[in-house]
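Each chain is listed here by its residues.
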Amino acid sequence: MKVFVSLSLAAIGLTVPATYGYLSSDADKEARDLRELVEKSHSENPTGGLGYDWFDCLERFQTEADKAANKVVCHTWTAQGVTSTLFALKFGNDRVPVVESHLEGSSDNQRVIIDVQGGPGGLPFYSNPVMTDEYVERIRRNGMLELVGGSMEELPQYQIMKRGFTIASIGYWGMNIRTLYEPNEIELAIRDVKLATDYYRAQEGGDPPMITTSLGNHLALGALGQERLQKLNFLSLVPVMDGLQDHISRKKDEKSAADAKGERFGSWYAFNVYKRSGDDVVFEYSRGLPFLDFVTQFIGDHDLPWGVVTPKSVCSKIVLGSKDPRTTEYLAANEDLPRYLSVWDSDHELFKDALPQSQTLFADYADCLIEDGG
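Remember, predicted model here, so these are calculated numbers, not experimental data. (Residues numbered from 1 in each chain as written. Predicted model: local features only at pLDDT ≥ 70, side-chain atom pairs only at ≥ 80, totals over all residues. Heavy atoms only, no water.)

Section: the overall build of the protein
Within the protein, the secondary structure is distributed over twelve helices and 14 strands. Buried positions account for 51% of the 374 residues belonging to the protein. Long-range pairs, those at least 24 residues apart, make up 67% of the contacts in the protein between residues at least 6 apart in sequence. For the protein, the computed accessible surface area is about 17,200 Å², with 48% contributed by carbon and sulfur atoms. (Helix = DSSP H or I, 4+ residues; strand = E, 2+ residues; numbered from the N terminus. Buried < 20%, exposed > 50% of the residue type's maximum accessible area, 1.4 Å probe, protein only. Contact = heavy atoms within 4.5 Å. Areas by Shrake-Rupley, 256 points an atom, 1.4 Å probe, with all protein chains shown as cover.)

Written out as structure tokens, the structure reads:
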């Protein structure tokens, strides 16, 4: 017997996105214990990693120069040859976390690619300081490297940075590092993406290229609108072509079927929960939250179907997975696919199911941007 578990490693102190895998029956008890730990978790302190760094950045004393700046350095670190810096972009009373990552020692005048990761409950892209070269080599020898997503050089994003780009990954509301845990929080996430994108647009003299993954596609569509989005270069990974409500409806049906059989359904993710305090927001607690309930509340009645987007820029591509339940109905209804849309033999997790293809895709995207002047 094999038991499929889905748990956020951030909930147990590892600042990496949720990892999915199979456990043998010998590990059933450990899996149940781990899930129970996540479900019952509650702390007055933020989770480690980016969650704590962001909290620290908001709380610590800042110089007068910091207070006047519209971009403040929160924390910088280097791991596996990649330097990441957590910034606070300031827009009036709003603070948007962005992590910029580039190869160590490279120049500061690199071109920027905006990255909008999936979620809710995910993390921005960054170099995890825990993942030192020594640690990577040790877990590689133990056969556990795949469990934590592989080494930095194996990640498709490395192909982007190797070609001289800085990845600016947006930490929107509803990610692991911060949530207000309130209805329609997606509207705040959309606002974060718009504010950050407009900031880099002003810095770069035009809309930078983008990489959007899963929910990140829909946040970009909501933030920029169809017309503006179609004109810039983007690499779109596993969007929900038929819209977010289609996905939520399907998951609710799956839960109802599991409930009818008396089976446990769904996963729990760890979040840092904030609350409104006048014009500001302040940290309240960290805890595990039931993911389907969180997603349903987060999205509300927003739909944002990606199928309406028709890219106009030469480097833009959309990649779907043929095994992804978010995709199957769309593919069944659309036999003649446009040239910019590719379908891989993959589920929703492209990097897990088709890593070599993903590496080539990112390399080709970066090369196209260089050739096109992006």
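Things to note about the sheet that holds strand β7 (residues 111-116)
If you trace the nine strands from one edge of the open sheet to the other, you get β4-β5-β6-β8-β7-β9-β10-β13-β14, paired in mixed fashion. Of all the strands in the sheet, the pair left with one neighbour each is β4 (71-79) and β14 (341-344). Put simply, the sheet's adjacent strands are angled 20 degrees from each other on average, direction ignored. (Pairing = 2+ DSSP bridges. Axes fitted to C-alpha atoms, helices over the stretch in contact; angles between N-to-C directions.)

Structural notes on the packing of aromatic side chains
For any pair of aromatic rings, geometry is given as the distance between the ring centres together with the angle between the planes. Considering all chains together, one arrives at twelve aromatic pairs under this definition. By way of ring pairs, the aromatic residues Y52, F55, W173, Y274 and F283 are connected into one cluster. Taking NZ or CZ as reference, K71 lies 4.2 Å from the ring centre of F87, over its face. (Phe/Tyr/Trp six-rings, centres within 6.5 Å; stacked < 30°, edge-to-face > 60°. Lys NZ or Arg CZ within 6 Å of the ring centre and 35° of its normal.)

A short note on helix α8 (residues 244-260)
Counted at 1.5 Å a residue, the expected span for α8 with its 17 residues is 24 Å, and the 25 Å between its end C-alpha atoms agrees. For α8, the complete set of buried residues consists of L244, H247, I248, R250 and A258. When α8 is viewed along its axis, its buried side chains cluster within an angular range of 160 degrees and face the same direction. Exposed side of α8, more than 90 degrees from the buried face: D253 and A260 are the residues found there. Elements that come into contact with the buried residues of α8 comprise α6 (186-204), α7 (215-231) and α9 (291-299). (Expected span 1.5 Å × (residues − 1). Arc of directions from axis to C-beta.)

Points about the environment of V240
In this fold, V240 is placed in the loop between β10 (234-237) and α8. Each C-alpha atom of the pair V240 and P325 lies 9.5 Å from the other, and the pair is 85 residues apart in sequence. When near neighbours in sequence (up to four residues on either side) are disregarded, V240 contacts H218, H247, P305, W306 and R326.

Considering the pattern of salt bridges
Summed over the entire model, instances satisfying the criterion amount to 15 salt bridges. A salt bridge links K251 to E254, with the shortest nitrogen-to-oxygen separation between them at 3.0 Å. Here K251 and its partner E254 are both found in helix α8, three residues apart, which amounts to about one turn of the helix. Judged by its relative accessible area of 26%, K251 falls in the partly exposed class. (Salt bridge = Lys/Arg side-chain N within 4 Å of Asp/Glu carboxyl O.)

Concerning unusual backbone geometry
Cis geometry marks the peptide bond from G119 to P120; its omega dihedral reads -5 degrees. Take P120: it is sitting in the loop between β7 and α4 (133-141). For N184, which is not glycine, the phi dihedral falls at a positive 55 degrees. The topology assignment puts N184 in the loop between β8 (165-170) and α6. Although it is not a glycine, V238 adopts a positive phi angle of roughly 45 degrees. With respect to the helices, strands and loops of the structure, V238 is situated in the loop between β10 and α8. With a relative accessible area of 2%, V238 lands in the buried category.

Let's talk about α7
Residues that lie three or four places apart on an α-helix share one face, since the helix turns once every 3.6 residues. The end-to-end C-alpha distance of α7, which contains 17 residues, comes to just 20 Å, noticeably less than the 24 Å that a straight helix rising 1.5 Å per residue would cover. Counting buried residues in α7 gives twelve out of 17 residues, a clear majority hidden from the surface. L215, G216, N217, H218, L219, A220, L221, A223, L224, R228, L229 and Q230 are the residues of α7 that are buried. Summarising the contacts, the buried residues of α7 are in contact with β7, α6, β9 (210-213), β10, α8 and α9.

Considering the state of the cysteines
Under the criterion given, the structure shown has two disulfides. Here C57 connects covalently by a disulfide to C74, the sulfurs 2.0 Å from one another. Disulfide C57 to C74: torsion about the S-S bond roughly -65 degrees, handedness left-handed. With C57 in helix α2 (residues 50-59) and C74 in strand β4, the pair connects residues that are 17 residues apart, well separated along the chain. C74 shares its class with C57; the two are buried. Through a disulfide, C315 is tied to C368; the S-S separation comes to 2.1 Å. Given an S-S torsion of about -90 degrees, the disulfide between C315 and C368 has left-handed geometry. Taken together, the positions of C315 in the loop between α9 and β13 (317-321) and C368 in helix α12 (residues 355-372) put the pair 53 residues apart, joining distant regions of the chain. With cysteine numbering restricted to those in disulfides and following the sequence, the protein has the pairing 1-2, 3-4. (Disulfide = S-S within 2.5 Å.)

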